[in-house]
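# Structural description and commentary
Given next are the chains, with one letter for each unit.
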Amino acid sequence: MPVAGVIPADDPQAAATGSDRSARIKRNVIEWGVIIAVAVIAALLLRAFVVQPYFIPSDSMYPTLKDGDKVLVNKVSYHMHPIHRGDVVVFKTPPNDHSPGIKDLIKRVIGLPGETIQSGPNGEILINGNPIKQPWLTASAKAGPGPPVPKMTLTAGEYFVMGDNRGDSSDSRVFGPISRSLIVGRAFVIVWPVSRIGGL
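How each quantity is defined
- Throughout this document, residue positions are counted from 1 along each chain, in the order its sequence is written.
- Only residues with pLDDT of at least 70 are given local features in this predicted model, and only at 80 or more are side-chain atom pairs given and counted; all residues enter the totals for whole chains, interfaces and linings.
- Based on all heavy atoms of the structure, the side-chain values leave hydrogens and waters out of the count.
- Each helix is a run of DSSP H or I of at least 4 residues and each strand a run of E of at least 2, with the numbering of both proceeding from the N terminus.
- Partly exposed describes any residue whose relative accessible area lies between the buried limit of under 20% and the exposed limit of over 50%, with all areas from a 1.4 Å probe on protein chains only and scaled to the type maximum.
- Here, two residues are considered to be in contact whenever any of their heavy atoms come within 4.5 Å of each other.
- Each accessible area is a Shrake-Rupley result for a 1.4 Å probe, and residues are judged covered by the shown protein chains and nothing else.
- We count a salt bridge whenever a side-chain nitrogen from Lys or Arg sits within 4 Å of a carboxyl oxygen from Asp or Glu.
- Throughout this description, a polar contact denotes any pair of N or O atoms lying within 3.5 Å of each other; where both atoms belong to protein, one of them has to be capable of donating a hydrogen while the other can accept it, and for residues adjacent in sequence the pair is counted only when both atoms sit in side chains.
- Should DSSP find at least two bridges between two strands, the strands are regarded as paired.

Within the protein chain, the regular secondary structure consists of 3 helices and 12 strands. Burial analysis of the protein chain (200 residues in total) assigns 34% to the buried set. By sequence separation, contacts in the protein chain at least 24 residues apart represent 58% of the contacts at least 6 residues apart. Taken as a whole, the protein chain presents about 11900 Å² of accessible surface, with 62% of it coming from carbon and sulfur.

Below, the discussion takes up the pattern of salt bridges. Inspection of the entire model under this criterion finds 5 salt bridges. Here Arg 196 ties to Asp 69 by a salt bridge, and the two come within 2.8 Å at their closest N and O atoms. Separated by 127 residues along the polypeptide, Arg 196 in the loop between strand 11 (183-192) and strand 12 (198-199) and Asp 69 in the loop between strand 1 (51-55) and strand 2 (70-74) bring together distant segments of the chain. A relative accessible area of 21% places Arg 196 in the partly exposed class. With relative accessibility at 2%, the residue Asp 69 sits in the buried group. The partner of Asp 164 in a salt bridge is Arg 108, and the shortest N-O contact between them spans 2.7 Å. In this pair, Asp 164 sits in the loop between strand 9 (158-162) and helix 3 (172-175) while Arg 108 sits in strand 4 (residues 104-111), placing the two residues 56 residues apart along the sequence. Here the two residues Asp 164 and Arg 108 agree in accessibility, since each one is buried.

Moving on to the side chain of Ser 119. As for its position among the elements, Ser 119 is in strand 5 (residues 116-119). Here Val 149 takes part through its backbone nitrogen, which lies 2.6 Å from a polar atom of the side chain of Ser 119. In this structure Ser 119 touches Glu 124, Ile 125, Leu 126, Pro 148 and Val 149, once residues within four positions along its chain are discounted.

This next bit is on the pairing of strand 4. With 7 of its 8 residues buried, strand 4 lies for the most part within the structure. Note: strand 3 (residues 88-92) against strand 4, 5 bridges, orientation antiparallel. Bridge pairing in strand 4 places Lys 92 opposite Asp 104.

Quick look at the pairing of strand 3 now. The element strand 3 is extensively covered by neighbouring structure, given that 4 of its 5 residues are classed as buried. Pairing of strand 3 with strand 11, which is carried by 3 bridges, proceeds in the antiparallel orientation. The residue of strand 11 that forms the bridge with Val 90 is Gly 185.

Let us now look at the sheet that holds strand 8 (residues 152-153). Pairing in this open sheet of 4 strands is antiparallel, and the strands run 7-6-5-8 from one edge to the other. Among the strands making up the open sheet, the edge pair consists of strand 7 (130-131) and strand 8. The sheet contact formed by strand 5 and strand 8 spans 2 bridges and is antiparallel. By the bridge assignment for strand 8, Ile 117 is matched with Met 152.

Attention now goes to unusual backbone geometry. Peptide bonds are mostly trans, and most non-glycine residues show a negative phi. Following Tyr 62, the chain continues into Pro 63 via a peptide bond in cis, with omega recorded as 5°. Turning to its location among the elements, Pro 63 is positioned in the loop between strand 1 and strand 2. With a phi close to 50°, Asn 128 is a non-glycine residue in the positive phi region. Its location among the elements puts Asn 128 in the loop between strand 6 (125-127) and strand 7.

Have a look at this one:
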């Protein structure tokens, strides 16, 4: 029958056991500290260089994005492939935009470098003289396209961006084409609210 042994408190063996326990606690505290520090650093690096959440504060991209939505933006995809027409991008506020307190904007890429863009007679968008398909637009956006796009040819590194809510969007029709250097990344998924989770 096993007997539970005890060690007198003044016995050297007791001191050694207590010392081992203290060392284990210290080691565990250090290990958890390192794990937490690595996790925080990894999260900060992920946010800075890979993926970052953005909050949508207006309806300029309605109905694709609504006021109050939160999206994730991929910051590395455009280092691996070109920007495509139809991409929804976040970009730094261009010099010609004077909206107070706004650092970043989100719009859809419509015109690409080297293309000539303009509005057609019925409000459609013409690229190099040909109308483009815009499946992201609602019937009301097509019926009320807002200000026309003046005819212009985009230079290397320039992109023409527009909001999906054409009648209520301050975009490249107002501040002109944006430089590639201003583009932060591509918005690829809505993550909030839960009822609207889905890809873009």
